[in-house]
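Descriptive analysis of the structure
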Amino acid sequence: MTFEIALVLGIITLAVVLFVSERLSIDTVAILIMVLFMLTGILTPAEGFAGFSNPATITVAAMFVVSSAIFKSGALNSIGIGLTRIGRKNYLLCLLALMVIAGTLSAFINDTAVVALLMPVVIQVSHDIHVSPSKLLMPLSFGALLGGVCTLIGTSTNILVSGIAEVQGEKPLQMFEFTSAGIWFLLVGIVYMFFVGRHLLPNRKLVTDLTEDFNLGHYLTEVVLQPDSPAVGEPLKTLGLVQNLDVFVMQVTRRKHKLEVSPSLILQANDVLKVRCGVEKLKMLKQEKGIKLKSERKVQDDDLHLHDSKLYEAIVTPNSYMEGKSLKELDFRAANHGASVLAIRHRDEIVNEKPSHIKLSAGDVLLIAANQHQAEKLRKNDDLLIISQTERSPFNYSKIIPVMIISVGVVMTAATNMMPIALSALAGVVLLILFRCIRADEVYKAIDWKVIFMLAGVLSMGAALEKTGAAKLLADFLIAGVGDYGPHALLSVFFFITFMTTNFMSNNATAALLAPIAIVAAHEMGVSARPFLMAVAYGASLSFMTPMGYQTNTMIYGPGNYRFSDYLKVGTPLNLLFWLLASLILPYFFPF
């Protein structure tokens, strides 16, 4: 082992630790590793920055825009309406239809967008048919994952593996090259969930009262500001009750007129503040100077629907800028014109005491009190997804037809090899702008820049592995262990390592790490690299065992009120089933 190889393996080990620990965001880790490779001289600046111009990175960015245009046009609304009708008839039929619909859509549209579209519908259907959302949300996520492996554009991982193959001198993967084996994974996954998985799904209590769901066992009281109160003449945000006691002000009444609650509202003598607080805070309130308390009582759901204000549940989306920050740091209430977070479902716990101090994570569910104006602003926030009180995008017939024609054109020109997928997708984006299906400023918002920077960064890992010979060293190690049993055994090992790794680390990072090793291993054994590349691509996307294994699994974690063990219970048998299936069918569809 040379010094360069040891250095590369050391940097990659650091990357794996950082990816798994989640101390830094995935894109930050990827860029950090890319910079380390260049600073240590492993890669030249041109080689290190090549990931930004890689066709895979460009394709993924363009497909984000295409997916967004389809979503905004309202073209998919009828699917949500149809699913609602099916769900009201029969739970099993709904589960089957849900996985088929999610799988079909995610074969051509970003799977995160598919789950974002269908999740509010699924939650509403679950309440209509009196079934816990936990019985439907996991099948939704799994269906989206399964559909994503059926085409090249179904998931960014497939595009990434194709880009790595092309850089390493292999033929790039074709649009429908994934379909033959992908259909088998989709069908087997649906059959598993229908006959086995649904029995393993948790049956969390169906709660219709959000105050009960979020454990808001608090009290309401009215506080009257006396003329000698130090709060008189000061803005609401400096109120001692808010700053020191973390009491939530729900309503301000002045001379029988209800005022819009905002941090900048200047308080006056005799203002009546309706506040929510716990028992201990209620005792402390009684000792505050310059205030008078009226009678208090327990909070009920209807109490939170004040002055045109309603309760909304919203989840922090994957790769949101809110990740790792608290509501206090984000100044959430001021940034959203007074919309207030009452409680947070953070992983397996409910936080309703000082929720503004909690560091947010992707998948956290926020219980928000907002009026119609505030809710509209929240709906336009790409870092939050409202999953209750939702409104569908209106049908825009002037956009639906050109959007669908352009989208189909992107797929078909790439599928027929008329032009490379990167060029086809980029041309599609230009046409969408020219036909006014999406505005130029919306293009930048549609692209998940964290994913783009992450892809550009992780591509440097493959380049470093190949350039220094580290890929060959690791490939030789695997061949020495199982090579005597033939390429079938080695392919099976690659699939196993990939799906196990991607359950705890970014699926794209896993693919970028293992794809170069797979290519070298195939060459060392004198066989085609195609089946090994497909094993890495499929294995990196078929992640069911953990909530952090894939973005859609993270998205449903809070809304479904799942626990980590739920994913292990339902996902482990499915992953093992796919390991067996992949070992049998991949050599058939992609001969050595």
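Conventions we followed
Residues numbered from 1 in each chain as written. Predicted model: local features only at pLDDT ≥ 70, side-chain atom pairs only at ≥ 80, totals over all residues. Heavy atoms only, no water. Helix = DSSP H or I, 4+ residues; strand = E, 2+ residues; numbered from the N terminus. Buried < 20%, exposed > 50% of the residue type's maximum accessible area, 1.4 Å probe, protein only. Lys, Arg positive; Asp, Glu negative; His and termini not counted. Charge placed at Lys NZ, Arg CZ, Asp CG, Glu CD. Expected span 1.5 Å × (residues − 1). Contact = heavy atoms within 4.5 Å. Salt bridge = Lys/Arg side-chain N within 4 Å of Asp/Glu carboxyl O. Core = buried A, V, L, I, M, F, W, Y, C linked by side-chain atoms within 4.5 Å. Axes fitted to C-alpha atoms, helices over the stretch in contact; angles between N-to-C directions. Parallel < 35°, antiparallel > 145°, perpendicular 65-115°, else oblique. Left-handed = near helix turned anticlockwise from the far one by under 90°. Nonpolar A, V, L, I, M, F, W, Y, C, P; charged D, E, K, R; others polar. Phe/Tyr/Trp six-rings, centres within 6.5 Å; stacked < 30°, edge-to-face > 60°. Polar contact = N/O pair within 3.5 Å; in protein donor to acceptor, adjacent residues only side chain to side chain. Patch = residues over 30% accessible without salt bridge, like charges linked within 9 Å, V, L, I, M, F, W, Y side chains within 5 Å. Areas by Shrake-Rupley, 256 points an atom, 1.4 Å probe, with all protein chains shown as cover. pLDDT = per-residue confidence, 0-100.

1. Section: the overall build of the protein
Assigned secondary structure in the protein consists of 27 helices and 11 strands. The buried share of the protein, taken over its 592 residues, is 58%. Once the 47 positive and 45 negative side-chain charges of the protein are each reduced to a mean point, those two points are 8 Å apart.

2. With respect to helix α1 (residues 3-21)
One turn of the α-helix equals 3.6 residues, which is why residues spaced by three or four share an orientation. Taking 1.5 Å of rise per residue, 19 residues should cover 27 Å, and α1 covers 27 Å from first to last C-alpha, within 8% of that figure. By the burial criterion, the buried members of α1 are Ile5, Val8, Leu9, Ile11, Ile12, Ala15, Leu18 and Phe19. Buried residues in α1 make contact with α2 (26-39), α21 (449-468), α22 (470-482) and α24 (507-525). After α1 finishes, the residue Glu22 shows a positive phi value of roughly 60°.

3. Here we look at the pairing of strand β10 (residues 365-371)
Across the 7 residues that make up β10, a large majority, 7, are buried. Alternating residues of β10 divide into Val365, Leu367, Ala369 and Asn371 and Leu366, Ile368 and Ala370, and every residue in both groups is buried.

4. Examining the environment of Phe37
For Phe37, the position within the fold is in helix α2. We classify Phe37 as buried; its relative accessible area is 0%. Once the C-alpha coordinates of Phe37 and Ile12 are considered, the two residues, 25 residues apart in sequence, prove to be 9.8 Å apart.

5. Regarding unusual backbone geometry
Backbone geometry places Asn270, a non-glycine residue, at a positive phi of 75°. Note on placement: Asn270 falls in the loop between β3 (257-259) and β4 (272-277). Unusually for a residue other than glycine, Asn561 sits at a positive phi of about 55°. As for its position among the elements, Asn561 is in the loop between α26 (551-557) and α27 (564-589). On the basis of relative accessibility, which here comes to 33%, the residue Asn561 falls in the partly exposed class.

6. What to know about the pattern of salt bridges
Taken as a whole, this structure holds 10 salt bridges when the rule is applied. Across the pair Asp441 and Arg439 runs a salt bridge whose closest N-O atoms are separated by 3.0 Å. Looking at Asp441, the relative accessible area reads 37%, which means it is partly exposed. A relative accessible area of 48% places Arg439 in the partly exposed class. What you see here is one network of salt bridges that share partners, running through Arg439, Asp441 and Glu442.

7. Notes on the nonpolar core
Counting residues in each nonpolar core, the largest one holds 157 residues, and the members touching the most others are Phe37, Met119, Phe185, Met461 and Tyr538. No other element matches α24, which puts 12 residues into this core. Once you skip the residues sitting within four places of it in the chain, Phe37 turns out to touch Val8, Ile11, Ile12, Ile42, Leu43, Ser460, Met461 and Ala464. One finds Phe332, Val351, Ile368 and Ala370 within the second-largest nonpolar core, a separate group that totals 19 residues.

8. A word on the packing of α22 against helix α23 (residues 487-502)
Packed helices, taken two at a time, are described by the angle their axes make and the gap between the axes. For the pair α22 and α23, the least separation of the axes is 10 Å and the interaxial angle reads 120°. Relative to α23, the element α22 is oriented oblique. Where α22 crosses over α23, the two elements pack in a sense that is right-handed. Of the residues in α23, those in contact with Leu478, Ile479 and Val482 of α22 are Ala489, Leu490, Val493, Phe494 and Ile497. For the contact of α22 with α23, the per-class residue count stands at 8 nonpolar, no polar and no charged.

9. Let's talk about the packing of aromatic side chains
This structure, assessed with the given rule, holds 17 aromatic pairs. On the numbers, 5.1 Å between centres and 80° between planes, the contact of Tyr588 with Phe589 is edge-to-face. Look at Tyr588 and you get exposed, because its relative accessible area is 64%. Among the residues examined, Phe589 registers a relative accessible area of 25% and is labelled partly exposed.

10. Things to note about the side chain of Ser126
One can find Ser126 in helix α8 (residues 111-128). Residue classification places Ser126 among the buried positions, given a relative accessible area of 0%.

11. Section: the side chain of Thr59
By secondary structure assignment, the location of Thr59 is in helix α5 (residues 55-73). Residue Thr59 is classed as buried on the basis of its relative accessible area of 1%. Here Pro55 takes part through its backbone oxygen, which lies 2.7 Å from a polar atom of the side chain of Thr59. Discounting residues that sit within four places of it in the chain, Thr59 has contacts with Ile159, Ile421, Ala422 and Ala425.

12. Considerations on helix α7 (residues 91-106)
Between its first and last C-alpha atoms α7 spans 22 Å; for 16 residues at 1.5 Å apiece the expected length is 22 Å, and the two agree. Residues of α7 that are buried include every one of Tyr91, Cys94, Leu95, Ala97, Leu98, Met99, Ile101, Ala102, Gly103, Leu105 and Ser106, and no others. Of the surrounding secondary structure, the elements contacted by the buried residues of α7 are α6 (77-87), α8, α9 (137-148) and α11 (179-200). N-cap assignment for α7: the residue whose side-chain oxygen lies 2.9 Å from the backbone N of Leu92 is Asn90.

13. Description of a positive patch on the surface
Taken together, the side chains of Lys72, Lys377, Lys380 and Lys445 define a basic patch exposed on the protein surface. Inspection of the secondary structure puts Lys380 in the loop between α17 (372-379) and β11 (384-386). With relative accessibility at 67%, the residue Lys380 sits in the exposed group.

14. Observations concerning a nonpolar patch on the surface
Judged by side-chain polarity, Phe49, Phe52, Tyr444, Trp449 and Phe453 come together as a nonpolar surface patch covering roughly 530 Å² of accessible area. Tracing the backbone shows Tyr444 in helix α20 (residues 440-446). By relative accessible area, which is 56% here, Tyr444 ends up exposed.

15. Here we look at the confidence of the model for the protein
Here the protein averages 85 in pLDDT, and 90% of its residues register 70 or above. When mean pLDDT is compared element by element in the protein, α11 scores highest at 96, while strand β6 (residues 297-298) scores lowest at 50.

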